Amino acid sequence: MPYSTPANAPLMPREKLLTFGVESLQDYELLAIFLRTGIKNCPVMQLSQKVLQEFGSLRNLISADEKRFCQVKGLGQTQFVQLQAATELTRRYLLQEMHVGENFTHTKNAQLYLQAELEHREREVFLVLFLDNKHRLLKKEEMFLGTINCANVHPREVIKSALYCNAAALILAHNHPSGVSEPSLSDRQITEDIQQAAKLMNIRVLDHFVIGRGNYFSFAENGWL
């Protein structure tokens, strides 16, 4: 006789996902699906809760290095590799969405991609998304790599690359390794410099994202462009 779940019993994560959708799952339930099995005297649901308590959040878990990750009982190199692969799949999906998407009138996909791409970098990276006249992605380029708190950004190089790929619009982004996404005065100045240089070439700057750890600042959303 096949097993059936009692009517009043809570749904397990897999059944909950299939019944109510993936958005209905809590963090530990998503992690339980990923882990699949528990360890001796610790079922998978309990293990997933312990793992999240150990790291404090999913973000901290995903960004942990291999040594830190594997120190936690119930986790190992196999799970580390699988989680890194799943994270990279998400990042590549977002990048491909930008390639095939109709436009970037709304830049939510760009924001999600840029957070996935930049928020865990230990050095400051200045990245540019080059878009066509329908705001579809032509290419992305990491143009400048700085120290932990400064990147030497040259507007002429940004415009040179834009002209080379015949870009009609740009989305700028850089990370703050400190984790705080509040723009500095130099961030505002370089945005203005690039915007002015781009305007001369009839190229629009749609946004400049400053990426922190788990947070971001959008120049466009805040009316700075």
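Everything below is about the structure shown above.
Fair warning: this is a prediction, and the values are worked out from it, not measured in the lab.

Rules behind the numbers
Residues numbered from 1 in each chain as written. Predicted model: local features only at pLDDT ≥ 70, side-chain atom pairs only at ≥ 80, totals over all residues. Heavy atoms only, no water. Salt bridge = Lys/Arg side-chain N within 4 Å of Asp/Glu carboxyl O. Helix = DSSP H or I, 4+ residues; strand = E, 2+ residues; numbered from the N terminus. Buried < 20%, exposed > 50% of the residue type's maximum accessible area, 1.4 Å probe, protein only. Core = buried A, V, L, I, M, F, W, Y, C linked by side-chain atoms within 4.5 Å. Contact = heavy atoms within 4.5 Å. Phe/Tyr/Trp six-rings, centres within 6.5 Å; stacked < 30°, edge-to-face > 60°. Lys NZ or Arg CZ within 6 Å of the ring centre and 35° of its normal. Polar contact = N/O pair within 3.5 Å; in protein donor to acceptor, adjacent residues only side chain to side chain.

**Student:** Residue-level account of the pattern of salt bridges, with values.
**Tutor:** Evaluation of the coordinates by the stated rule reveals eight salt bridges. Note that Glu 88 and Arg 92 form a salt bridge whose closest N and O atoms lie 2.7 Å from each other. Highlighted residues: Glu 88 and Arg 92, both in helix α6 (residues 77–100), separated by four residues, approximately one helical turn. Taking the relative accessible area as the measure of exposure, Arg 92 reaches 48% and is therefore partly exposed. Notably, a salt bridge pairs Arg 121 with Glu 117, separated by 2.9 Å at the nearest N-O pair. Classification of Arg 121 as partly exposed rests on a relative accessible area of 24%. If you follow the salt bridges from partner to partner, you end up with Glu 117, Arg 121, Lys 140 and Glu 142 in one network.

**Student:** Report on the nonpolar core, specifying residues and quantitative values.
**Tutor:** Phe 126, Val 128, Phe 130, Val 158, Leu 170, Leu 172 and Ile 194 are the most contacted members of the largest nonpolar core, which has 18 residues in total. Elements with a minimum of two residues in this core: β1 (125–131), β2 (137–145), α8 (155–164), β3 (169–175) and α9 (185–200). Among the nonpolar cores identified, the runner-up in size contains 17 residues, and Leu 95, Ala 110, Leu 129 and Leu 137 belong to it.

**Student:** Pulling in residues and values, what's your account of the side chain of Lys 16?
**Tutor:** Checked against the element boundaries, Lys 16 lands in helix α1 (residues 13–20). Once residues lying within four places of it in the same chain are set aside, the contact partners of Lys 16 are Leu 11, Gly 21, Ser 24, Leu 25 and Glu 29.

**Student:** Could you give an account of the packing of aromatic side chains, with specific residues and numbers?
**Tutor:** Within a pair of aromatic rings, the relevant descriptors are the distance that separates the centres and the angle that separates the planes. Applying the stated rule across the entire model yields seven aromatic pairs. Relative to Phe 69, the ring of Phe 55 has its centre 6.4 Å away and its plane inclined at 35 degrees; by these criteria the two rings are tilted. Pair noted here: Phe 55 is in helix α3 (residues 44–55) and Phe 69 is in helix α5 (residues 66–70), with a separation of 14 residues, a long-range link. Comparing Phe 55 with Phe 69 shows no difference in burial state: the two are buried. On the basis of an interplanar angle of 55 degrees and a centroid distance of 4.9 Å, the ring pair of Phe 217 and Trp 224 is categorised as tilted. Three or more aromatic residues joined by ring pairs make a cluster, and in this case those are Phe 55, Phe 69 and Phe 80. Lying across the ring of Phe 55, Arg 68 places its NZ or CZ 4.6 Å from the centre.

**Student:** How would you explain the environment of Glu 182 if you had to name every residue and give the values?
**Tutor:** With respect to the helices and strands, the residue Glu 182 is situated in the loop between β3 and α9. Glu 182 gets classed as exposed once you look at its relative accessible area, which sits at 52%.

**Student:** Outline the side chain of His 208, supporting the account with residue identities and numerical values.
**Tutor:** You can see His 208 is positioned in strand β4 (residues 204–211). Residue class for His 208 comes out buried when judged on its relative accessible area of 0%. A polar contact of 2.9 Å, which involves the side chain of His 208, links it to the side chain of His 174. Sequence-distant contacts of His 208, defined by excluding residues within four places in its chain, comprise Phe 126, Leu 172, Ala 173, His 174, Asp 187, Ile 190, Thr 191, Phe 217, Ser 218, Phe 219 and Leu 225.

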